[in-house]
Amino acid sequence: MNDEAFLDIAGVSAGYGRTPVLKGLDLSIRKGEFVALLGSSGCGKTTLLRAIAGFVQPSGGAISVAGRNVTNLPPDKRGMALVFQSYALWPHMTVAQNIGYGLKLQRKPRGEIAGRVDEMEALLGLSGLGARKPGELSGGQRQRVALGRALAIDPQILLLDEPLSNLDARIRLQVRHEIRSLQQRLGITAVHVTHDREEAMVMADRIVIMNAGRIAQQGTPEEVYNRPASSFVAAFMGAENRLVLTGHAEASRFGILEGSDNAGCLVPLDGRPLASGSVEARFRAEAVELLPAKSRENPSEAVLELAGRVVTVSYPGGLWRHAIKVGTAEILVDAPRAFSPGEAVKVRIPHQVLFLFNSREASPPPKPVSRSGVESRFLEVSEA
Ligand SMILES: Nc1ncnc2c1ncn2[C@@H]1O[C@H](COP(=O)(O)OP(=O)(O)OP(=O)(O)O)[C@@H](O)[C@H]1O
């Protein structure tokens with residue numbers, strides 16, 4: 001076990017029937033840490049959460065909490081609480097009865113339950129609503145009741161399974177903030193399953209990106225966003241534009257060769273383990289510069305420049321979004337002003353926001369949820 005680990009998942013495999021889902025997964029979580037599990041649909045996030053909670057029995061490996069092996073303990077003996085997206089409140093019970101439900105199961109004295117329920121209602125801004133039924137509450141209030149019921153039993157670990165996905169956008173931002181500050185205030189260890197990249201970024205101390213039952217990368221939000229370890233992670237973290245380029249590695253730089261739609265350039269390797277040959281390049285729509293094709297100003301040698309033509313322009317808010325045809329494919333590029341459909345343009349990608357990988361995946365990774373809802377596009381600039 002990792003010395004610092006409070007919740008330690010060691011080589012856990014789990015699945016349903018003959019279908020393996022988790023494949024020998026290792027993850028160590030520190031006490032008080034907020035970890036977000038992010039990944040495309042079906043990658044095993046919920047299965048991992050349910051294995052931690054005790055609702056899915058691992059076929060291999062072990063789960064321990066504070067050094068105690070809990071792998072074979074029933075859910076109610078693990079000191080954990082699980083909050084679902086569907087709230088799962090008892091409709092016939094009042095808010096107070098719902099919050100006190102776990103304590104009642106633990107056969108706590110009535111007075112103690114009442115005191116704890118009052119405390120939870122105050123903590124979650126539900127004071128005065130104790131006598132209402134869930135049907136008389138808003139979605140945000142219901143989710144707070146579900147959270148109150150989870151926290152009332154004073155769990156060591158709070159497990160959150162997309163608790164915000166049923167809430168409308170504005171309430172989601174508010175409850176997101178409330179959960180995070182509550183978690184910090186109580187110093188509780190939390191594992192949060194989400195599809196939403198931005199939610200994971202703003203709430204978590206550490207993001208664990210899963211792909212097909214394994215961890216693709218884990219790190220602080222800043223690390224996984226700015227230093228994705230693979231093309232899959234880069235795409236998942238919003239660098240959805242993809243090029244295939246050819247280049248050669250030098251001592252500390254990587255020379256990208258000129259192609260039919262890109263100029264040659266020389267970018268610092270910055271410790272990246274890149275070999276000469278075909279590389280996959282990824283970049284975000286908002287991280288690049290869009291210029292008229294006739295612009296005479298030359299880029300520095302560490303900037304990748306593409307030549308293309310504007311196909312469509314839209315305004316999702318803030319910046320103008322352009323679909324740009326480069327060769328036979330399209331990329332998405334944001335700019336502070338609108339260019340015209342049909343206009344010839346240059347796209348400049350500074351090396352700091354250009355992610356390069358040797359590995360070529362046979363198929364593109366599943367499309368992550370993007371805030372704009374715009375489809376990810378794929379671009380082949382020059383094949384090796
Ligand atoms: N009860 C079940 N019986 C059989 N297969 C299941 C069951 N629950 C999940 N699966 C399958 O296991 C795989 C992982 O599911 P899981 O719910 O862990 O994914 P997820 O990453 O949480 O996905 P989502 O984001 O869509 O909720 C999926 O292929 C799913 O179809």
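Residues numbered from 1 in each chain as written. Predicted model: local features only at pLDDT ≥ 70, side-chain atom pairs only at ≥ 80, totals over all residues.

Looking at the ligand, the residues that line it are Tyr16, Thr19, Val21, Gly39, Ser41, Gly42, Cys43, Gly44, Lys45, Thr46, Thr47 and His195. Listed by contribution, the elements that provide at least two residues to the shell around the ligand are strand 2 (19-30) and helix 1 (45-53). A per-element tally of the shell around the ligand places helix 1 first, with three residues. (Near = placed C-beta within 6 Å. Helix = DSSP H or I, 4+ residues; strand = E, 2+ residues; numbered from the N terminus.)

Now for helix 1. For helix 1, every residue scored as buried is listed here: Lys45, Thr47, Leu48, Leu49, Ala51 and Ile52. The positive-phi residue at the C-terminal boundary of helix 1 is Gly54, with phi of around 100°. (Buried ≥ 20, exposed ≤ 12 C-beta atoms within 10 Å, placed from the backbone.)

Attention now goes to unusual backbone geometry. Within the chain, Ala66 stands out as a residue other than glycine whose phi angle is a positive 50°. Owing to 14 C-beta atoms within 10 Å, Ala66 belongs among the partly exposed residues under this scheme. In the Ramachandran plot, Asp270 falls in the positive-phi region, its phi being about 50° despite a non-glycine side chain. With respect to the helices and strands, Asp270 occurs in the loop between strand 13 (265-268) and strand 14 (277-283). A residue is classified by how many C-beta atoms lie within 10 Å of it, and Asp270, with 12 of them, is exposed.

Okay, the sheet that holds strand 5 (residues 68-69) next. On the basis of which strands lie adjacent, the open sheet formed by four strands has the order 2-1-4-5 and antiparallel pairing. The sheet terminates laterally at strand 2 and strand 5, the two strands that pair on one side only. The pairing of strand 1 (residues 5-16) with strand 2 spans eight bridges and is classified as antiparallel. Each residue of the ladder has a partner; that of Asp8, found in strand 2, is Ser28. (Pairing = 2+ DSSP bridges.)

What follows is about the nonpolar core. One finds Ala36, Leu37, Ile52, Leu159, Val208, Ile209 and Val333 to be the most contacted residues of the largest nonpolar core, which totals 99 residues. Sorting elements by how many residues they give to this core places helix 5 (residues 139-152) first, with six residues. When we break this core down by domain, the ones giving at least three residues each are domain 1 (5-223) and domain 2 (236-357). With sequence-adjacent residues up to four places away left out, Ile209 is seen in contact with Leu38, Gly39, Ala216, Gln217, Gln218, Val224, Val233 and Phe236. (Core = buried A, V, L, I, M, F, W, Y, C linked by C-beta atoms within 7 Å. Domains from an automatic or database assignment. Contact = placed C-beta atoms within 7 Å.)

With that settled, consider the sheet that holds strand 9 (residues 206-211). If you trace the six strands from one edge of the open sheet to the other, you get 6-7-8-3-9-10, paired in mixed fashion. Sheet topology places strand 6 (80-84) and strand 10 (214-219) at the edges, where each strand pairs with a single neighbour. Taken over all neighbouring pairs, the strand axes of this sheet differ in orientation by 20° on average, direction set aside. Bridge count for strand 6 against strand 7 (residues 157-161) is five bridges, and the pairing is parallel. Across the sheet, Val83 pairs through a bridge with Leu160, a residue of strand 7. (Axes fitted to C-alpha atoms, helices over the stretch in contact; angles between N-to-C directions.)

Moving on, we come to the environment of Arg176. Tracing the backbone through its elements, the reader meets Arg176 in helix 6 (residues 169-186). Among the residues examined, Arg176 registers 20 C-beta atoms within 10 Å and is labelled buried. It is 14 Å that separates the C-alpha atoms of Arg176 and Phe84, two residues lying 92 residues apart in sequence. In this structure Arg176 touches Leu164, Glu199, Val202 and Met203, once residues within four positions along its chain are discounted.

To continue, consider the domain arrangement of the protein chain. It is common to report an interface's size as the accessible area lost on association of the parts. Splitting the protein chain by domain gives domain 1 (5-223) and domain 2 (236-357). In this structure, domain 1 and domain 2 have C-alpha centres spaced 40 Å apart.

Take helix 4 (residues 110-123) next. Its 14 residues place the ends of helix 4 20 Å apart at the C-alpha level, agreeing with the 20 Å of an ideal helix rising 1.5 Å per residue. By the burial criterion, the buried members of helix 4 are Ile113, Arg116, Val117, Met120 and Glu121. Summarising the axial view, the buried residues of helix 4 lie within an arc of 140°, below the 170-degree limit, and thus occupy one face. Away from its buried face, by an angle of more than 90 degrees, helix 4 presents the exposed residues Gly111, Glu112 and Ala122. Elements in contact with the buried residues of helix 4: helix 2 (95-99), helix 3 (101-105) and helix 5. Gly125 sits one or two positions beyond helix 4 and adopts a positive phi of about 70°. (Expected span 1.5 Å × (residues − 1). Arc of directions from axis to C-beta.)

Pairing of strand 16 (residues 303-317) with strand 19 (residues 344-350), which is carried by seven bridges, proceeds in the antiparallel orientation. Across the sheet, residue Arg309 finds its bridge partner in strand 19, namely Ala344. Pairing geometry for strand 16 and strand 17 (residues 319-326), over six bridges, is antiparallel. Within strand 17, the position partnered with Thr312 by the bridge is Ala323. The turn linking strand 16 back onto strand 17 is made up of one residue, and Gly318 within it adopts a positive phi angle of 80°.

At their nearest, the axes of helix 4 and helix 5 sit 10 Å apart, and the two run at 135° to each other. Classified by the angle between their axes, helix 4 and helix 5 sit oblique to one another. The handedness of the crossing between helix 4 and helix 5 comes out as right-handed. Facing Arg116, Val117, Met120 and Glu121 of helix 4, the residues of helix 5 in contact are Gly148, Leu151 and Ala152. Across the contact of helix 4 with helix 5, the residue classes break down as four nonpolar, one polar and two charged. (Parallel < 35°, antiparallel > 145°, perpendicular 65-115°, else oblique. Left-handed = near helix turned anticlockwise from the far one by under 90°. Nonpolar A, V, L, I, M, F, W, Y, C, P; charged D, E, K, R; others polar.)

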